[in-house]
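Summary of structural features
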Amino acid sequence: MESSQNALQCGDKTLDLSRPKIMGILNVTPDSFSDGGRFLGLDKALEHAESMLAAGADILDVGGESTRPGAADVSVQQELDRILPVIEAINTRFDTIISLDTSKSAVIREGAGAGARLINDVRALREPDALETAVETGLPVCLMHMQGQPRSMQQAPEYSDVLAEVTQFLMDRRQVCIDAGIPASQIVIDPGFGFGKNLEHNLTLLQGLETLCDNAPVLIGLSRKRMFANILNNDSVSRVVASVTAALLCVQRGASIVRVHDVEETAHALAVYRAVDEL
Ligand code: 8Y7
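Because the structure is a prediction, the values reported are computed rather than measured.

Relative to strand E2 (residues 13-16), strand E1 (residues 7-10) is paired through four bridges, and the arrangement is antiparallel. Its bridge partner lying in E2, alanine 7 is registered against aspartate 16. From the end of E1 to the start of E2, which pair antiparallel, there are two residues, and glycine 11 there has a positive phi angle of about 60 degrees.

This is the structure:
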């Protein structure tokens, strides 16, 4: 796809996708704070937000539900309690675009009301009323592919043609969203690395990412994922360099947004890519 005309209208802000963008991951789930999440560390979240913005993040992805393999479900109220104060505080202090990582209709509604400007749904708006609510917000959406549910998705992922099946699912969901009233230009798709995929599935998707990018702007999330422990044959070594390398490979194949923990390192890699690309 010719990406130079692409932009997402994120409420009052425009996100230009003619150059790759960095989405920094801001977790507000209890397991991401050393105090066990009792007080969710609003100050810590703000500090983290500030450092990611200084390092070059274009978007901050706020999520209150852990979707890691095996994670437990959280209630609507728990999710709201975690994300709303963070969204409000970030919008008060910083000029950025907040993405909201959720699948729940009520969280989409309240989160948008609090100032979230992009809906990032690993369940591709398949939960009850999620699609209708997303339409009402007028915000852009990221639709992700997942095989199974977080609790069990890594047990036995199976495909006959992973790239074709993931692409078909995303194009089907994209059409459902368009039919429901979301403009095509507001829809981002994501192959969902690690969500019901083994190493070979992930690598096949990365290798063929260009074909997915022909259909719509693509967001990828590979940051620090388990597949790097498998590639590196080491469970305890840092996954930062591997993650940055993989993000760059995705950008080379046409990805528009990379969702990462390590914003500064990723920004440096993209700066080199851009310097060569724009020569
Ligand atoms: C992804 C994601 C996660 C991803 C999108 C993790 C919320 C697991 N991964 N959202 N979320 N794409 N769009 O390891 O790959 O970050 S959570």
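One water molecule sets the probe size; rolling that probe over the atoms shows where empty space is left. In this model, the largest pocket occupies a volume close to 990 Å³. Around the largest pocket, the lining is made up of 39 residues, and of these Arg68, Pro69, Ser223, Lys225 and His261 lie nearest the centre. Here the lining of the largest pocket takes three residues from helix H8 (residues 226-232), the largest share from any one element. For the lining of the largest pocket, the per-class residue count stands at eleven nonpolar, 16 polar and twelve charged.

Within the largest apolar cluster, 67 residues are counted, with the highest numbers of intra-cluster contacts made by Val62, Ile90, Leu125, Leu209, Ile220 and Leu222. Counting residues per element, this core draws most heavily on helix H2 (residues 76-93), at seven residues. Apart from residues no more than four positions distant in its own chain, isoleucine 220 is found in contact with Asp190, Pro191, Phe193, Leu209, Ala247, Cys250, Ala255, Ile257, Val258 and Arg259. Grouped together as the second largest cluster of nonpolar side chains are twelve residues, Leu15, Leu17, Ile59 and Leu219 included.

What follows concerns the pattern of salt bridges. Considering all chains together, one arrives at nine salt bridges under this definition. Here aspartate 95 and lysine 13 are joined by a salt bridge, their closest N and O atoms 3.4 Å apart. Placement of the pair is aspartate 95 in the loop between H2 and strand E5 (97-101) and lysine 13 in strand E2, with a sequence separation of 82 residues. By relative accessible area, which is 70% here, aspartate 95 ends up exposed. A relative accessible area of 21% places lysine 13 in the partly exposed class. Of the charged contacts, one joins arginine 224 and aspartate 262 as a salt bridge, the two residues approaching to 2.7 Å between their closest N and O atoms. Of this pair, arginine 224 sits in the loop between strand E9 (219-221) and H8 while aspartate 262 sits in the loop between strand E10 (257-260) and helix H10 (263-277), and the two are 38 residues apart along the sequence.

Moving on: the environment of threonine 67. Take threonine 67: it is sitting in the loop between strand E4 (59-63) and H2. Its relative accessible area of 12% is what places threonine 67 among the buried residues. Considering only alpha carbons, one finds threonine 67 and proline 150, 83 residues apart in sequence, at a separation of 5.8 Å. Threonine 67 has contacts with Val122, Arg123, Pro150, Met153 and Phe195, leaving out every residue within four places of it along the chain.

A word on the site of the ligand. Taken together, the residues surrounding the ligand are Thr67, Asp101, Asn120, Val122, Cys142, Met144, Asp190, Phe195, Leu219, Gly221, Lys225 and Arg259. For the ligand, a nitrogen atom lies 2.7 Å from a polar atom in the side chain of asparagine 120. Take aspartate 190: an N or O atom from its side chain is 2.6 Å from a nitrogen atom of the ligand. Relative to its unbound accessible surface of 410 Å², the ligand loses 89% to contact with the protein. In a pocket analysis with a 2 Å cut-off to the grid points, the ligand is assigned to the largest pocket. Of all elements in the fold, only strand E7 (141-144) and E9 reach the threshold of two or more residues within the shell around the ligand.

A few words now on the sheet that holds E7. Taken together, the eight strands give an open sheet; going across it, the order is E8-E7-E6-E5-E4-E3-E10-E9, and neighbouring strands pair in parallel fashion. Each end of this open sheet is capped by a strand with a single partner; those strands are strand E8 (187-190) and E9. With direction set aside, neighbouring strand axes in the sheet form an average angle of 25 degrees. With five bridges connecting them, strand E3 (residues 21-27) and E4 associate as parallel partners. Residue pairing for E4: methionine 23 is matched across the bridge by isoleucine 59. Running at roughly 145 degrees to E7, helix H5 (residues 162-180) makes contact with E7 and E8 of the sheet.

Rules used in this analysis
Residues numbered from 1 in each chain as written. Predicted model: local features only at pLDDT ≥ 70, side-chain atom pairs only at ≥ 80, totals over all residues. Heavy atoms only, no water. Pairing = 2+ DSSP bridges. Helix = DSSP H or I, 4+ residues; strand = E, 2+ residues; numbered from the N terminus. 1 Å grid on protein atoms, 1.4 Å probe; cavity = no way out; pocket = protein on both sides within 12 Å on 5 of 7 lines; lining within 4 Å. Points joined across faces, edges and corners; volume = space filled by probe spheres on them. Nonpolar A, V, L, I, M, F, W, Y, C, P; charged D, E, K, R; others polar. Core = buried A, V, L, I, M, F, W, Y, C linked by side-chain atoms within 4.5 Å. Buried < 20%, exposed > 50% of the residue type's maximum accessible area, 1.4 Å probe, protein only. Contact = heavy atoms within 4.5 Å. Salt bridge = Lys/Arg side-chain N within 4 Å of Asp/Glu carboxyl O. Near = heavy atom within 4 Å. Polar contact = N/O pair within 3.5 Å; in protein donor to acceptor, adjacent residues only side chain to side chain. Areas by Shrake-Rupley, 256 points an atom, 1.4 Å probe, with all protein chains shown as cover. Sits in = over half its atoms within 2 Å of the grid points. Axes fitted to C-alpha atoms, helices over the stretch in contact; angles between N-to-C directions.

Function cannot be inferred from these measures alone, as they are strictly geometric.
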